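# Structural features, examined
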Amino acid sequence: MSVYDIILKRRSIRLFTQETISDEIITKLLESAMAAPSACNKQPWEFYIVKNKELREQLKTVSRYSNMDSSLIIIVAGNDKRSLSHRENDFWIQDCAAATENILLTATELGIASCWCGLFPMVTPVKKVRKILDLEEHIIPMALIHLGYSNENAEPRTQYNEKRIHILD
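Below is a short write-up of the structure. Small disclaimer: the values here were computed from a predicted structure and weren't measured.

## Some points on the nonpolar core
Grouped together as the largest cluster of nonpolar side chains are 25 residues, with contacts concentrated most on I21, F47, I74, V76, I103 and L147. Secondary-structure elements contributing two or more residues to this core are α2 (23–33), β1 (45–50), β2 (72–79), α4 (91–109) and β4 (139–148). Here this core gets 6 residues from one element, more than from any other, and that element is α4. Those residues in contact with I21 that sit more than four places away from it in its chain are I26, S71, L72, I112, L147, G148 and Y149. The next biggest cluster of nonpolar side chains, apart from the first, holds 19 residues, and it includes I13, V50, I73 and C115.

## Side note on the pairing of β2
Counting buried positions along β2 yields 8 of 8 residues, so the element is predominantly enclosed. Neither face of β2 is open: one carries L72, I74, V76 and G78, the other I73, I75, A77 and N79, and all of them are buried. Two strands pair when backbone bridges link them, and β1 and β2 are joined in this way by 6 bridges, in the antiparallel orientation. Each residue of the ladder has a partner; that of F47, found in β2, is V76. Alignment of β2 against β4, held across 8 bridges, turns out to be antiparallel. Looking at β4, one finds that L72 is bridged to L147.

## What about the packing of α2 against α4?
Interaxial distance between α2 and α4 falls to 8 Å at its minimum, and their mutual angle equals 140°. With respect to α4, the axis of α2 lies oblique. The two elements α2 and α4 cross, and the hand of that crossing is right-handed. Contacts between α2 and α4 involve K28, L29, S32 and A33 from the first element and A99, N102, I103, T106 and A107 from the second. Of the residues that constitute the contact of α2 with α4, the class distribution is 5 nonpolar, 3 polar and 1 charged.

Rules used in this analysis
Residues numbered from 1 in each chain as written. Predicted model: local features only at pLDDT ≥ 70, side-chain atom pairs only at ≥ 80, totals over all residues. Heavy atoms only, no water. Core = buried A, V, L, I, M, F, W, Y, C linked by side-chain atoms within 4.5 Å. Buried < 20%, exposed > 50% of the residue type's maximum accessible area, 1.4 Å probe, protein only. Helix = DSSP H or I, 4+ residues; strand = E, 2+ residues; numbered from the N terminus. Contact = heavy atoms within 4.5 Å. Pairing = 2+ DSSP bridges. Axes fitted to C-alpha atoms, helices over the stretch in contact; angles between N-to-C directions. Parallel < 35°, antiparallel > 145°, perpendicular 65-115°, else oblique. Left-handed = near helix turned anticlockwise from the far one by under 90°. Nonpolar A, V, L, I, M, F, W, Y, C, P; charged D, E, K, R; others polar.

Have a look at this one:
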């Protein structure tokens, strides 16, 4: 499958089976995440792999959008101690977003369904995730990714819209 096909096939899936994802697949997801570009190659990301059912149940409640039953959750977080200039910029957000998208695309290629639930900059979900995972203040949870095998069928699609394209010759 081409990268283009994978991009069109990637959809936010919210219904999952409870089949577990192998450690081999998890490693591939993380390898692809860490292959993402990052400002000045600071790589300010941290990844929390949540297999534990009790913790997954708690994480489902951090926002009204995160309430899904997946067999795996990955929290993508920024490490403020490794960001470009320590809170003087938000490049860690772009770096972590690129890593998150790499996880989603690789999951799609490997037959794993996913749904990206945003955390940062929402204060309450960030605080809840910090508390549940006992994270230090310099770790900023940016995304909660539900992963698992799909229990729904979503057709590939594009959302191409010419009205949003502005060509400057």
